[in-house]
Amino acid sequence: MEKYIAYTLRNFREIPQLQQHLSAEELFDIEVVGNVLPFKANNYVVEQLIDWNNYQEDPIYILTFPQRDMLQPQHYEEMASAIRAGARKPELKLIANKIRMELNPHPAGQRSQNMPQIDGAELTGVQHKYRETMLFFPSQGQTCHAYCTFCFRWPQFVGMNDLKFAMRDTELVIKYLRAHPRVTDILFTGGDPLIMKTKIISVYIDALIEAKLPNLRTIRFGTKALGYWPQRFTQDNDADELLRVFEKAKKAGLHIAFMGHFNAPAELRTDEVKTAIDRILNTGAVIRTQSPVMRKINDNSDAWAEMWQEQVELGCVPYYFFVARDTGAQDYFAVSLERAWRIFRGAYQRVSGIARTVRGPSMSAGPGKVHIVGVSEVAGEKVFTLQFLQGRNPDWVARPFFARYDPKAIWLDDLYPAFGKDRFFFEEEYPIIRPAKPSKRSKSISNGMVQGAALN
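Model, not experiment: these values are computed from the prediction.

Novice: What is the right way to read the overall build of the protein from this model?
Specialist: Of regular secondary structure, the protein possesses 16 helices and 15 strands. In the protein, once contacts between residues fewer than 6 apart in sequence are set aside, the share between residues at least 24 apart is 73%. Accessible surface, the protein as shown: approximately 19,200 Å² in total, 48% of it carbon and sulfur.

Novice: Teacher, can you tell me more about helix 6 (residues 89-100) here?
Specialist: Each α-helix winds once per 3.6 residues, and so residues spaced three or four apart point in a common direction. Here helix 6 contains 12 residues, and its C-alpha end-to-end distance of 16 Å stays within 8% of the 16 Å for a straight helix at 1.5 Å per residue. Listed in full, the buried residues belonging to helix 6 are Leu-92, Ile-95, Ala-96, Asn-97, Ile-99 and Arg-100. Check the buried side of helix 6 and you find it contacts helix 5 (73-84).

Novice: Looking at this structure, how should I read unusual backbone geometry?
Specialist: In most cases, non-glycine residues show a negative phi, while peptide bonds are predominantly trans. With omega at -5 degrees, the peptide bond leading from Gly-360 into Pro-361 counts as cis. Within the secondary structure, Pro-361 is located in strand 12 (residues 359-364). Its identity is not glycine, yet Lys-212 carries a phi of approximately 50 degrees, on the positive side. Using a relative accessible area of 68% as the deciding quantity, one classes Lys-212 as exposed.

Novice: It is not clear to me how the nonpolar core should be interpreted in this structure. Could you clarify?
Specialist: Nonpolar side chains in soluble globular proteins tend to be buried together. Residues Phe-65, Phe-221 and Phe-258 are the most contacted members of the largest nonpolar core, which totals 113 residues. For this core, the leading source of residues is helix 8 (residues 198-211), giving 7 residues. Sequence-distant contacts of Phe-65, that is, excluding residues within four places in its chain, are made with Ile-15, Leu-18, Ile-30, Phe-39, Ala-41, Val-46, Ile-50, Trp-52, Met-70 and Thr-149. With 21 residues, the next largest nonpolar core counts Phe-401, Leu-415, Phe-424 and Phe-425 among its residues.

Novice: It is not clear to me how the packing of helix 5 against helix 6 should be interpreted in this structure. Could you clarify?
Specialist: For any two helices packed against each other, one specifies the inter-axial angle together with the distance between the axes. For the pair helix 5 and helix 6, interaxial distance at closest approach is 10 Å and the crossing angle is 175 degrees. Considering the angle they form, helix 5 stands roughly antiparallel to helix 6. Across from His-75, Glu-78, Met-79, Ala-82 and Ile-83 in helix 5, the residues of helix 6 making contact are Leu-92, Ile-95, Ala-96, Lys-98 and Ile-99. In terms of residue class, the contact of helix 5 with helix 6 is made up of 7 nonpolar, 1 polar and 2 charged.

Novice: What's the story with the pattern of salt bridges in this structure? I'm lost.
Specialist: Pairs can form between side chains of opposite charge whenever their charged atoms are close. One pass over the full model with this rule turns up 14 salt bridges. Taking the shortest distance from any N to any O, the salt bridge between Glu-31 and Arg-13 comes out at 3.0 Å. Of this pair, Glu-31 sits in helix 2 (residues 24-34) while Arg-13 sits in the loop between strand 1 (6-7) and helix 1 (16-21), and the two are 18 residues apart along the sequence. Of the charged contacts, one joins Glu-132 and Arg-131 as a salt bridge, the two residues approaching to 2.9 Å between their closest N and O atoms. Relative accessible area serves as the criterion here: at 25%, Glu-132 is assigned to the partly exposed category.

Novice: Would you mind going over the sheet that holds strand 11 (residues 317-323) with me for this structure?
Specialist: Backbone hydrogen bonds are what pair the strands of a sheet, in a parallel or an antiparallel way. The strand order across the open sheet formed by 11 strands is 5-6-7-8-9-10-11-12-13-14-15, and the pairing between neighbours is mixed. The sheet is open, and its two borders are formed by strand 5 (126-130) and strand 15 (401-404), each paired with just one other strand. Between one strand axis and the next, the sheet turns through 30 degrees on average, direction left out of account. Judged from the 3 bridges that link them, strand 5 and strand 6 (residues 133-136) form a sheet pairing that is antiparallel. Counterpart to Tyr-130 in the pairing with strand 6 is Thr-133.

Novice: Explain the environment of Met-259 here, please?
Specialist: Within the secondary structure, Met-259 is located in strand 9 (residues 255-261). For Met-259, a relative accessible area of 3% corresponds to the buried category. In this structure the C-alpha to C-alpha distance between Met-259 and Thr-289, which are 30 residues apart in sequence, comes to 5.7 Å. What Met-259 contacts, discounting residues up to four positions off in sequence, is Leu-187, Arg-220, Phe-221, Gly-222, Thr-223, Arg-288, Gln-290 and Tyr-319.

About the criteria used
Residues numbered from 1 in each chain as written. Predicted model: local features only at pLDDT ≥ 70, side-chain atom pairs only at ≥ 80, totals over all residues. Heavy atoms only, no water. Helix = DSSP H or I, 4+ residues; strand = E, 2+ residues; numbered from the N terminus. Contact = heavy atoms within 4.5 Å. Areas by Shrake-Rupley, 256 points an atom, 1.4 Å probe, with all protein chains shown as cover. Expected span 1.5 Å × (residues − 1). Buried < 20%, exposed > 50% of the residue type's maximum accessible area, 1.4 Å probe, protein only. Core = buried A, V, L, I, M, F, W, Y, C linked by side-chain atoms within 4.5 Å. Axes fitted to C-alpha atoms, helices over the stretch in contact; angles between N-to-C directions. Parallel < 35°, antiparallel > 145°, perpendicular 65-115°, else oblique. Nonpolar A, V, L, I, M, F, W, Y, C, P; charged D, E, K, R; others polar. Salt bridge = Lys/Arg side-chain N within 4 Å of Asp/Glu carboxyl O. Pairing = 2+ DSSP bridges.

Have a look at this one:
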């Protein structure tokens with residue numbers, strides 16, 4: 001059995017490959033950025049996924065090891081100066097927390113709008129944005145086998161408890177599900193819920209099975225474990241037991257869906273991940289795959305076509321092609337919306353129909369998942385054609401709308417309505433859902449939509 005070894009700021013300089021290839025300046029950059037954004041790698045990632053002969057261009061290296069430009073220059077210098085001056089951990093933490101609060105730690109109203117209540121109790125480990133799907137953050141699963149440098153859930157990992165989603169109380173979760181009979185899916189997320197021991201996962205799943213909720217159809221797991229530690233399903237001491245939990249849920253009539261995060265083709269090519277995928281699929285579970293498109297990671301059509309084709313060959317279902325969220329190191333990873341669409345279109349053209357289950361490019365913004373259908377000319381004006389794949393109000397879904405063309409736009413906040421209109425159609429409904437004071441346009445789109453009627 002392969003032993004899991006974690007690498008963090010405490011011991012990353014001991015990694016032989018870093019000692020062999022990286023300069024002192026590059027090692028210092030990891031320390032500086034890793035004091036602000038979460039950093040964690042492991043022996044599987046280091047030894048099997050990274051091409052160390054070309055590490056500076058390797059997508060998995062960039063995906064896991066912090067790079068200098070992931071921080072704004074002023075933020076980098078502030079932290080670097082403190083480290084050079086010998087600042088102690090409490091002082092470094094204060095500096096880091098100040099910087100983190102400037103990085104939009106909870107985009108799309110995650111904390112202000114998505115956290116529901118039941119009987120006056122706030123469910124601190126639950127998000128409910130879309131009518132049919134509830135997100136659950138089990139407190140024991142709020143870490144990962146390794147951290148992605150782009151991760152929009154980075155506040156879960158930096159020790160700022162007031163920014164963290166987490167809870168253990170399954171009774172409140174079940175009570176909430178009973179009170180909202182239109183919820184059909186519960187998504188275990190984090191962090192990574194599959195970092196939890198099987199005995200803990202089993203407690204949660206058993207509670208859902210025993211509750212016999214007539215509305216609950218699907219249990220989803222948002223996980224990076226297949227990419228970062230597939231041994232979770234093949235070699236870990238409780239791997240076989242974990243697969244039996246999935247089988248038990250399936251026999252109880254619940255669909256088990258893995259939302260597998262694969263960001264680069266290399267993650268699909270080891271013998272370990274192929275075996276893990278086979279074992280999961282043999283339980284009756286389905287693996288759906290997703291990733292954001294990111295500069296220096298997968299910002300070309302060939303990479304996506306390769307991933308989708310290989311995922312289909314392994315029995316997975318390509319699911320979402322996201323745009324990198326407006327948080328953390330977005331400036332480092334962002335590609336323009338037009339380029340994201342062209343990358344998607346180019347990859348889509350390269351694969352057969354069975355790989356065209358994927359949807360995107362999609363922005364998970366405040367109002368919902370906004371799909372960039374394309375760039376076109378309508379009534380003499382060049383526009384983005386958009387639609388909702390998911391919306392705070394289900395009536396918004398699949399309704400086309402148009403934004404003025406902007407080649408530099410990287411997020412919904414950068415777009416303005418086409419054809420001389422003042423607001424997008426969903427903004428007009430906002431005062432009906434909940435009146436609000438006038439605010440800047442960016443705030444109205446990212447943070448201005450609320451649950452209200454959309455979730456009732």
